[in-house]
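Overview (structure and organization)
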Amino acid sequence: MGKTILVLGATGTVGRPLVSDLLSRGHAVRAASRSGNGPDGTVGTRFDFADPASIEAALAGADAVFLMAPSGTLDVLGALTPVVEAAARRGTKVVMLSVFGVEADDSIPYRQVELMLARRGLPHVVIRPNWFMDNFHTFWRAGVLAGTIRLPAGDGRSSLIDARDIAASAAAALSEDRFDGEAFNLTGPEALSYAEAAEILSKAAGRPIRYEAVSDEAFIEAATAAGADPGYAGFLAAIFHPVRENWTAAVTDGVERLTGAKPRSLATYARDHAAALKG
Ligand SMILES: NC(=O)c1ccc[n+]([C@@H]2O[C@H](COP(=O)([O-])OP(=O)(O)OC[C@H]3O[C@@H](n4cnc5c(N)ncnc54)[C@H](OP(=O)(O)O)[C@@H]3O)[C@@H](O)[C@H]2O)c1
């Protein structure tokens, strides 16, 4: 039976394909964004993490909520805690978009939100995706178009994941109760170095794209010059440390367990986003 599901970040990288998946499963979707304008087929819902009153109004009548922090959020705990508390008061199920690897350290803010969900006794599912393939046509797109992706990733490998597979996983967790109480580490099908990824992107774009390993300092300087918040640029540089250490190289069956389908390869991602990668 269709549910009423509130999707935070509904106009974002994961939110857009998630909204489509939920609509095709027959759910009523309340699409949250600051403008209150949702994609076609949804009920647009005004929601701002900075406005606590908007949280209660957005949650009213929802059977479940997709909880996420937008990219660039520095105070993740501060942003997500009021939503968890409001969901706990109402008994609303929560599917939380967390981050790959955070279970290694309980002091990480995303992990603290995960633990809060468990403590509150809410029906909930946590999904922890690895680095998104989609970063190539969003955050790293300027480098892709210029022909050199400069990241402080060293030679480390990551099992990059397509946002459409994160969305499909979230849609399954929101639709069904049998995953409640579980956490899923979500990855793509193979661990690739950024040099290997650049070769795959080159084929799809029809021109050479190379990867250059840079220092944290060079990355922060370039990201800040391109308009990133210096605090967030520093945070991003810090989270490349696990990449250099190959802690992001594990391949899991999380997507398949949730969706029944294997995750997309980088070659498929690159083919489907060739226009954005070509410029
Ligand atoms: N990128 C990666 O490689 C990666 C890897 C693992 C985990 N993650 C996690 O994934 C999450 C990001 O997912 P994503 O890329 O799908 O997000 P995203 O595209 O950055 O999300 C943007 C969405 O957030 C909404 N939003 C922005 N500011 C808001 C505010 N103040 N109040 C309410 N809504 C707001 C935007 O809506 P409007 O602008 O319309 O208001 C939009 O719908 C982060 O938590 C990140 O840590 C990312």
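The structure contained in this document is the topic of the report that follows. (Residues numbered from 1 in each chain as written. Predicted model: local features only at pLDDT ≥ 70, side-chain atom pairs only at ≥ 80, totals over all residues. Heavy atoms only, no water.)

1. Remarks on the pairing of strand S6 (residues 124-129)
When you tally the buried positions in S6, you get six out of six residues, the bulk of the element. Bridging between strand S5 (residues 93-97) and S6 involves four bridges; their strand directions are parallel. Bridged to Val-95 within S6 is Val-125. (Buried < 20%, exposed > 50% of the residue type's maximum accessible area, 1.4 Å probe, protein only. Helix = DSSP H or I, 4+ residues; strand = E, 2+ residues; numbered from the N terminus. Pairing = 2+ DSSP bridges.)

2. Considerations on the environment of Ala-223
Note on placement: Ala-223 falls in helix H8 (residues 216-225). It is 17 Å that separates the C-alpha atoms of Ala-223 and His-241, two residues lying 18 residues apart in sequence. Apart from residues lying up to four places away in sequence, Ala-223 is in contact with Ala-228 and Ala-233. (Contact = heavy atoms within 4.5 Å.)

3. A few points about the packing of aromatic side chains
Overall, the coordinates contain twelve aromatic pairs when judged by the stated rule. Between Trp-131 and Trp-140 the ring centres are 6.5 Å apart and the planes differ by 40 degrees, which places this aromatic pair in the tilted class. What makes Trp-140 buried here is its relative accessible area of 8%. With a centroid separation of 4.5 Å and an interplanar angle of 25 degrees, the aromatic rings of Trp-131 and Phe-240 are classed as stacked. (Phe/Tyr/Trp six-rings, centres within 6.5 Å; stacked < 30°, edge-to-face > 60°.)

4. Topic: the site of the ligand
The ligand sits among 24 residues. The nearest are Thr-11, Arg-34, Ala-69, Ser-71 and Tyr-110. At 3.1 Å from a nitrogen atom of the ligand is found a main-chain nitrogen or oxygen belonging to Phe-49. For the ligand, an oxygen atom lies 2.7 Å from a polar atom in the side chain of Tyr-110. Out of a free accessible area of 940 Å², the ligand has 83% covered by protein chains. Its residues placed into classes, the shell around the ligand shows 13 nonpolar, nine polar and two charged. (Near = heavy atom within 4 Å. Polar contact = N/O pair within 3.5 Å; in protein donor to acceptor, adjacent residues only side chain to side chain. Areas by Shrake-Rupley, 256 points an atom, 1.4 Å probe, with all protein chains shown as cover. Nonpolar A, V, L, I, M, F, W, Y, C, P; charged D, E, K, R; others polar.)

5. Side note on the nonpolar core
Of all hydrophobic cores here, the largest spans 56 residues; its most connected members are Val-7, Leu-8, Leu-18, Phe-66, Leu-67 and Ile-127. With eight residues, the single largest contributor to this core is helix H6 (residues 163-175). In contact with Val-7, not counting residues within four places along its chain, are Gly-15, Leu-18, Val-19, Leu-22, Val-29, Arg-30, Ala-31, Ala-32 and Phe-66. Counting residues in each nonpolar core, the second largest holds 30 residues, with Trp-131, Ile-149, Leu-160 and Ala-237 among its members. (Core = buried A, V, L, I, M, F, W, Y, C linked by side-chain atoms within 4.5 Å.)

6. A look at helix H9 (residues 230-238)
Taken residue by residue, H9 has Tyr-232, Ala-233, Leu-236 and Ala-237 as its buried positions. For H9, the angular spread of the buried residues around the axis is 145 degrees, confining them to a single face. (Arc of directions from axis to C-beta.)

7. A short note on the side chain of Thr-248
Turning to its location among the elements, Thr-248 is positioned in the loop between helix H10 (241-244) and helix H11 (254-259). By relative accessible area, Thr-248 is classed as buried at 6%. At 3.1 Å, the side chain of Thr-248 forms a polar contact with the backbone oxygen of Arg-157.

8. As for the packing of helix H1 (residues 15-24) against H6
Running from N to C, H1 and H6 point in directions that differ by 45 degrees, and their axes come no closer than 8 Å. On the basis of their axis angle, the class for H1 and H6 is oblique. Our pair here, H1 against H6, has a crossing hand that is right-handed. When H1 is examined against H6, the residues Pro-17, Leu-18, Asp-21 and Leu-22 are found in contact with a partner set consisting of Ala-163, Arg-164, Ala-167, Ala-168, Ala-170, Ala-171, Leu-174 and Ser-175. In terms of residue class, the contact of H1 with H6 is built from nine nonpolar, one polar and two charged. (Axes fitted to C-alpha atoms, helices over the stretch in contact; angles between N-to-C directions. Parallel < 35°, antiparallel > 145°, perpendicular 65-115°, else oblique. Left-handed = near helix turned anticlockwise from the far one by under 90°.)

The quantities given are spatial measurements derived from coordinates; they are silent on function.
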